[in-house]
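Structure assessment
One-letter residues, chain by chain:
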Amino acid sequence: MSKNILITGAGSGFGKGAAIGMAKNGHNIIATVQVSSQVTPLREEAAALGLKNLRVERLDLTDPYDIKQAQSWDFDVLWNNAGMGEAGPVWEIPVDIVRRNFEINVFLPLTLTQGVVQKWVREGKSQNKKVVFTSSMGGLFTPANWGTYVSTKHALESIAEALQQELAAYGIKIQTINPGAYYTGYNETMADNPFRWLDDNNNFTKRADLRKGFDDFFATPEGKMDPKEMIDRMIEIVPADEGKFRNVVPKKIEDMLKQHQLAAWENKI
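Note that this is a predicted model, so its numbers are computed, not measured.

It is at 8 Å that the axes of helix H4 (residues 95–122) and helix H5 (residues 147–167) come closest, and there the two elements cross at 20 degrees. The orientation of H4 relative to H5 falls into the category roughly parallel. Considering only the axes of H4 and H5, their crossing is right-handed. In contact with Val98, Asn101, Phe102, Asn105, Val106, Leu110, Thr113 and Val117 of H4, H5 contributes Thr148, Tyr149, Ser151, Thr152, Lys153, Ala155, Leu156, Ile159, Leu163 and Leu167.

Below, the structure written as structure tokens:
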């Protein structure tokens with residue numbers, strides 16, 4: 001059955017790829033992008049593909065008027081996909097940067113979601129609606145020097161789990177999608193962020209050491225996976241009426257996370 005789906009952060013990466021894929025599958029897509037200059041190119045791409053069911057709008061989550069407008073649109077599925085990431089050592093990162101990462105990844109998507117689900121319930125249209133959150137493999141474990149970003153995803157995991165229990169009586173379904181480190185440019189750009197504040201004259205963590213750690217990870221197969229695998233799964237997961245609450249891709253990352261969580265019970269100080 002065709003669904004009306006609102007996607008945040010559809011200007012690039014997973015969001016863009018899945019928006020096009022779901023539109024090709026017959027779903028009606030509202031693909032929202034943060035920056036006005038992304039709107040026209042994506043509209044033109046959709047037109048070139050003959051996707052009249054792919055509507056492109058600006059939705060900058062930091063703009064309350066954009067959020068209010070989006071909450072007035074009609075759709076069956078809200079996919080909170082937009083986000084950004086800050087990396088670097090948690091013991092040295094400026095707290096205002098941490099606060100801003102939580103604002104973008106947690107507080108603003110929650111603001112959007114509250115307005116949407118309350119409207120659905122208030123209007124008696126909540127049955128068979130769904131909210132999906134793009135979390136991360138990092139929502140389920142914490143590697144060193146990624147703590148700020150993944151702590152926002154840990155928060156989303158808790159919010160999603162609470163929403164699933166709170167909204168079940170209204171017929172609203174909740175899901176998370178937890179990608180591994182796919183090569184979309186998102187993680188690579190995030191890894192550049194600490195170098196705008198990290199200072200060898202003031203910080204204990206040295207720039208060269210942090211850079212080497214990031215580069216070593218991105219050189220591994222696990223650090224540079226083909227995003228098509230994740231996009232193909234998102235195209236299936238987001239519109240579906242049934243499925244798992246948590247969706248970790250690929251399977252080997254799911255297995256690794258399960259082992260990590262079991263081992264955490266024996267972790268010593």
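On to helix H2 (residues 39–48), then. The periodicity of an α-helix, 3.6 residues per turn, causes residues three or four places apart in sequence to face the same way. Inspection of H2 places Val39, Leu42 and Ala46 among the buried residues, and these make up the whole buried set. When H2 is viewed along its axis, its buried side chains cluster within an angular range of 75 degrees and face the same direction. Opposite the buried face of H2, at more than 90 degrees from it, the exposed residues are Glu44, Ala47 and Ala48. Looking one or two residues beyond H2, the residue adopting positive phi is Gly50, at roughly 75 degrees.

This part is about the side chain of Thr134. Locating Thr134 in the fold gives a position in strand E5 (residues 129–134). A distance of 2.9 Å separates a polar atom in the side chain of Thr134 from a polar atom in the side chain of Asn81.

With that settled, the discussion passes to the pairing of E5. A large share of E5 lies buried, amounting to 6 of its 6 residues. Burial along E5 is two-sided: the face carrying Lys129, Val131 and Phe133 and the face carrying Lys130, Val132 and Thr134 are both buried. Inspection of the sheet shows strand E4 (residues 77–80) paired to E5 by 4 bridges, in the parallel sense. Along E5, the bridge assignment pairs Leu78 with Val131. As for the winding sense of the linkage, the β-α-β connection from E4 through H4 to E5 is right-handed. Relative to strand E6 (residues 172–179), E5 runs parallel, the two sharing 6 bridges. When the sheet's bridge partners are listed, Val131 is paired in E6 with Ile174. One crossover worth recording links E5 to the parallel E6 by way of H5, and it is right-handed.

This next bit is on unusual backbone geometry. In this chain, Val249 is followed by Pro250 through a cis amide linkage whose omega measures 5 degrees. Take Pro250: it is sitting in the loop between strand E7 (246–249) and helix H9 (251–263). Even without being a glycine, Asn128 presents a positive backbone phi close to 65 degrees. Along the chain, Asn128 turns up in the loop between H4 and E5. By relative accessible area, which is 51% here, Asn128 ends up exposed. Here the phi dihedral of Asn145 falls at roughly 75 degrees; this positive angle occurs in a residue that is not glycine.

Cut-offs used in this document
Residues numbered from 1 in each chain as written. Predicted model: local features only at pLDDT ≥ 70, side-chain atom pairs only at ≥ 80, totals over all residues. Heavy atoms only, no water. Axes fitted to C-alpha atoms, helices over the stretch in contact; angles between N-to-C directions. Helix = DSSP H or I, 4+ residues; strand = E, 2+ residues; numbered from the N terminus. Parallel < 35°, antiparallel > 145°, perpendicular 65-115°, else oblique. Left-handed = near helix turned anticlockwise from the far one by under 90°. Contact = heavy atoms within 4.5 Å. Buried < 20%, exposed > 50% of the residue type's maximum accessible area, 1.4 Å probe, protein only. Arc of directions from axis to C-beta. Polar contact = N/O pair within 3.5 Å; in protein donor to acceptor, adjacent residues only side chain to side chain. Pairing = 2+ DSSP bridges. Right-handed = clockwise from strand over helix to strand, strands pointing away.

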